[in-house]
Amino acid sequence: MEILKVQDLTKTYGTGENAVHALRSVSFTVAKGEFAAIVGESGSGKSTLLNCIGALDDPTSGKVYLNGQDLFSMKEKQRTVFRRRNIGFVFQSFQLIPELNVEQNIIFPLLLDHQRPDCDALEEMLDMLGLADRRRHLPSQLSGGQQQRVAIGRALITKPILILADEPTGNLDSRSSRDVMDILTSASKRYSQTILMITHNTGLTASVDRVLSVSDGILTDLGGKCNEKLS
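Residues numbered from 1 in each chain as written. Predicted model: local features only at pLDDT ≥ 70, side-chain atom pairs only at ≥ 80, totals over all residues. Heavy atoms only, no water.

## Points about the pairing of strand β6 (residues 87–90)
A regular strand places its side chains on the two faces of the sheet in alternate fashion. Residue alternation in β6 divides its side chains into two sets, Ile87 and Phe89 and Gly88 and Val90, and both sets are buried. As defined by bridge partners, β6 adjoins strand β7 (residues 162–166) across 4 bridges and the pair is classed as parallel. Bridge pairing in β7 links isoleucine 87 to leucine 162. (Buried < 20%, exposed > 50% of the residue type's maximum accessible area, 1.4 Å probe, protein only. Helix = DSSP H or I, 4+ residues; strand = E, 2+ residues; numbered from the N terminus. Pairing = 2+ DSSP bridges.)

Dropping the structure here:
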């Protein structure tokens, strides 16, 4: 089942001789439960692509469909609510609320949307993240790897259609990076969670289902496990 469809997505900054083509007619789809990675060097356009897919930035032209919904046909307020309820974000810089503890940071998106947290789901989430014994700790009392696990829990707790992970291991050491990748892979399988991750580290793509590459705003599908099974 197709969850994400990107069609002829273009993003251009400036005009005329000063125009910078960050994305050039990018098209691809992601299936439900698929863990896909977008790789590329700094300045390749991968962050711009993720921001457009997450409706954090408007494309110059093209379409983004999430579960059949055209994101950029929505009015801004409608798109904001849709994004909050259907897209989970994991950022390189964690972006946790320093005054809230682990548990409060994880359930914050639910409270923001006036939803009552499911206590059983929260307990399951804390166990999966290995944070049950850190639930009352503030972000400043956690390691970088633990903070990123909190951020992953926050993204997962709303049961979003799609999780967008922007260099989720960029600020972590190699051991914490492996732990984060293991949790993302486990979440993809356990919850049939669709994940799209960008990274410049090709060594992190061994466990994903499919790899896409962006260079000079042009996307290439490099295939992966799904393609291997069909060959």
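## Considerations on the nonpolar core
Of all hydrophobic cores here, the largest spans 36 residues; its most connected members are Ile106, Leu129, Ile152, Leu184 and Met197. When residues of this core are traced back to their parent elements, those giving at least two are β3 (35–39), α3 (102–112), α4 (119–129), α5 (144–156), β7, α6 (174–190) and β8 (194–199). Contact partners of isoleucine 106, with chain neighbours within four places excluded, come to Leu122, Leu126, Leu129, Val150, Gly153, Arg154 and Ile157. Counting residues in each nonpolar core, the second largest holds 30 residues, with Phe82, Phe89, Leu164 and Val214 among its members. (Core = buried A, V, L, I, M, F, W, Y, C linked by side-chain atoms within 4.5 Å. Contact = heavy atoms within 4.5 Å.)

## Quick word on the confidence of the model for the protein chain
Summing up the model confidence of the protein chain, the mean pLDDT is 92 and the portion of residues at 70 or higher is 97%. Ranking the elements of the protein chain by mean pLDDT puts helix α7 (residues 225–230) last with 43 and strand β4 (residues 61–66) first with 97. Across residues 226–231 the pLDDT falls below 50, and counting only partners more than four positions away or on other chains, this stretch makes 2 contacts in the model. (pLDDT = per-residue confidence, 0-100.)

## Remarks on the pattern of salt bridges
Following the criterion strictly, the structure yields 13 salt bridges and no others. As a salt-bridge pair, glutamate 34 and arginine 210 come within 2.8 Å of each other at their nearest N and O atoms. Note that glutamate 34 is positioned in the loop between β2 (20–31) and β3 and arginine 210 in strand β9 (residues 210–215), a separation of 176 residues in sequence. The two residues glutamate 34 and arginine 210 agree in class, both being buried. As a salt-bridge pair, arginine 210 and aspartate 221 come within 2.8 Å of each other at their nearest N and O atoms. Of this pair, arginine 210 sits in strand β9 while aspartate 221 sits in strand β10 (residues 218–224), placing them 11 residues apart in sequence. (Salt bridge = Lys/Arg side-chain N within 4 Å of Asp/Glu carboxyl O.)

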